[in-house]
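Here are the chains, one letter per residue:
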Amino acid sequence: MEIFRGIWPALMTPTGENHSVNLPGLFALIDYLINKGVDGFYLGGTTGEGIYLSYTERQRLIQSALQHVNGRVPCIVHVGAVSVDDAIEHAQHARSHGAVGISSIIPPLYDSIEIVRRYYSAVAAAVPDLPLLTYILNPRIDSVALMHSILDIPNLGGAKYTGPNMFELRQIIDMGQGRWTLFSGMDEQALYGLMMGATGNIGSTLNFMPGVYIALMRAVREGRLVEAQELQLRANRVTAAMIEVGFTGALKDILTRILGIDMGEPRLPNLPLTDKSRTALRENLAKTDFEALVAL
């Protein structure tokens, strides 16, 4: 099974009229990031607000994104849904349009390892020729025990681990015995995930400053860890400024300025920036290395 590596933006989904997907904005963002040298895309995840889209708009997003990427970089599609039947349909739809893998959160209300095991088994079986990457983002479920429980899934390809526990992350890496993809999913912890053996990073701020993470990964590979640490700290100051005012609204505001295309407002339960918070964001970003990091 192919192991995926490198820097993969969790692609943000631009919002158009009536909460539709803004396709010109989507295509502009895809082209911008490919030109920056990213290694792949993670589509329809938390940053992409996939679970907040209607069923129809979600499929339109995935089909349109995959067609526009057109094989230039590989794409993994997040297919998670509360309804396992919907998740299966999203997985089969993604495969039919060229996804190289699927991924899924632990859905809300799936509150035991046995329930989650049955969910992942059903979704993986629907697309047996594609790797399934679990999306570990639920502190109520023991991540290591969960991964142990699904080792019998033939097309289990690894995980996207979005958490700060590097010991836990390494246990999951070891479980794969060198055969799994293991993406670190916290931008703020990108360096430390790589140092622990992650094969790559999936993240939100990679939508506008992927160059810093590309440089960070290169520094890790070459053993320049002090330089990598400085890059991580510089990027984290930008991330902190976004979190302070509302992360998703900040991300859309930043990309609107960089690309010159209106990325729209977040979908509920995310909130748009107020005029006051937008001003605060720009003032706080001015105190960071924002411009230099975006330019990388």
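See above for the structure.
Fair warning: this is a prediction, and the values are worked out from it, not measured in the lab.

Peer 1: Can you help me understand the pairing of strand 3 (residues 75-78) in this one?
Peer 2: A regular strand places its side chains on the two faces of the sheet in alternate fashion. Across the two faces of strand 3 the burial is the same, with Cys75 and Val77 and Ile76 and His78 all buried. Taken together, the three bridges between strand 2 (residues 41-43) and strand 3 define a ladder with parallel strand orientation. Its bridge partner lying in strand 3, Phe41 is registered against Cys75. Assessed by its sense of winding, the connection that carries the chain from strand 2 through helix 2 (residues 55-69) to strand 3 is right-handed. In this view, the connection linking strand 3 to its parallel neighbour strand 4 (residues 101-105) by way of helix 3 (residues 84-96) has right-handed handedness.

Peer 1: Would you mind going over the nonpolar core with me for this structure?
Peer 2: It is characteristic of soluble globular proteins that their nonpolar side chains tend to be buried jointly. Phe41, Leu43, Tyr120, Met147 and Phe208 are the most contacted members of the largest nonpolar core, which has 92 residues in total. Beyond its immediate sequence surroundings of up to four residues, Tyr120 is in contact with Ser104, Ile105, Ile106, Leu132, Thr134, Tyr135, Leu146, Ile150 and Ile153.

Peer 1: Just checking my understanding: could you explain the sheet that holds strand 8 (residues 200-203) for this structure?
Peer 2: The strands making up a sheet associate through hydrogen bonds between their backbones, and the pairing can be parallel or antiparallel. The parallel open sheet is built from eight strands, whose spatial order is 1-8-7-6-5-4-3-2. Of all strands in the sheet, those bounded by a partner on one side alone are strand 1 (6-9) and strand 2. Here the strands of the sheet are splayed against their neighbours by 25° on average, with no regard to which way each runs. Where strand 7 (residues 181-184) and strand 8 come together, two bridges link them in parallel fashion. Within the sheet, the bridge partner assigned to Phe183 lies in strand 8 and is Gly200. Packing against the sheet, helix 4 (residues 113-126) makes contact with strand 4 and strand 5 (132-136), and its axis sits at approximately 160° to strand 4.

Peer 1: Got a minute to help me understand the packing of aromatic side chains in this structure?
Peer 2: Aromatic ring pairs: the centre-centre distance and the angle between the two ring planes describe each pair. Under the defined criterion, the tally for this structure stands at six aromatic pairs. Between Phe4 and Trp8, the aromatic rings sit 5.6 Å apart at their centres with planes inclined by 65°, giving edge-to-face as the arrangement. Each member of the pair Phe4 and Trp8 is classed as buried. When the ring of Tyr110 is compared with that of Tyr119, the centres are 5.2 Å apart and the planes differ by 70°; the resulting orientation is edge-to-face. We note that Tyr110, like Tyr119, is buried. In this structure an aromatic cluster arises from ring pairing among Phe4, Trp8 and Phe183. Above the plane of the ring of Tyr42 lies Lys160, whose end atom (NZ or CZ) is 5.4 Å from the centre.

Peer 1: Looking at this model, I keep getting lost on unusual backbone geometry. Mind explaining?
Peer 2: Negative phi values dominate among residues other than glycine, just as trans dominates among peptide bonds. Residue Pro269 follows Leu268 across a cis peptide bond; omega there is 15°. As for its position among the elements, Pro269 is in the loop between helix 10 (247-259) and helix 11 (275-285). Even without being glycine, Glu49 reaches a positive phi, approximately 55°. For Leu109, which is not a glycine, the phi torsion comes out positive at approximately 80°. Within the fold, Leu109 resides in the loop between strand 4 and helix 4.

What counts as what
Residues numbered from 1 in each chain as written. Predicted model: local features only at pLDDT ≥ 70, side-chain atom pairs only at ≥ 80, totals over all residues. Heavy atoms only, no water. Buried < 20%, exposed > 50% of the residue type's maximum accessible area, 1.4 Å probe, protein only. Helix = DSSP H or I, 4+ residues; strand = E, 2+ residues; numbered from the N terminus. Pairing = 2+ DSSP bridges. Right-handed = clockwise from strand over helix to strand, strands pointing away. Core = buried A, V, L, I, M, F, W, Y, C linked by side-chain atoms within 4.5 Å. Contact = heavy atoms within 4.5 Å. Axes fitted to C-alpha atoms, helices over the stretch in contact; angles between N-to-C directions. Phe/Tyr/Trp six-rings, centres within 6.5 Å; stacked < 30°, edge-to-face > 60°. Lys NZ or Arg CZ within 6 Å of the ring centre and 35° of its normal.

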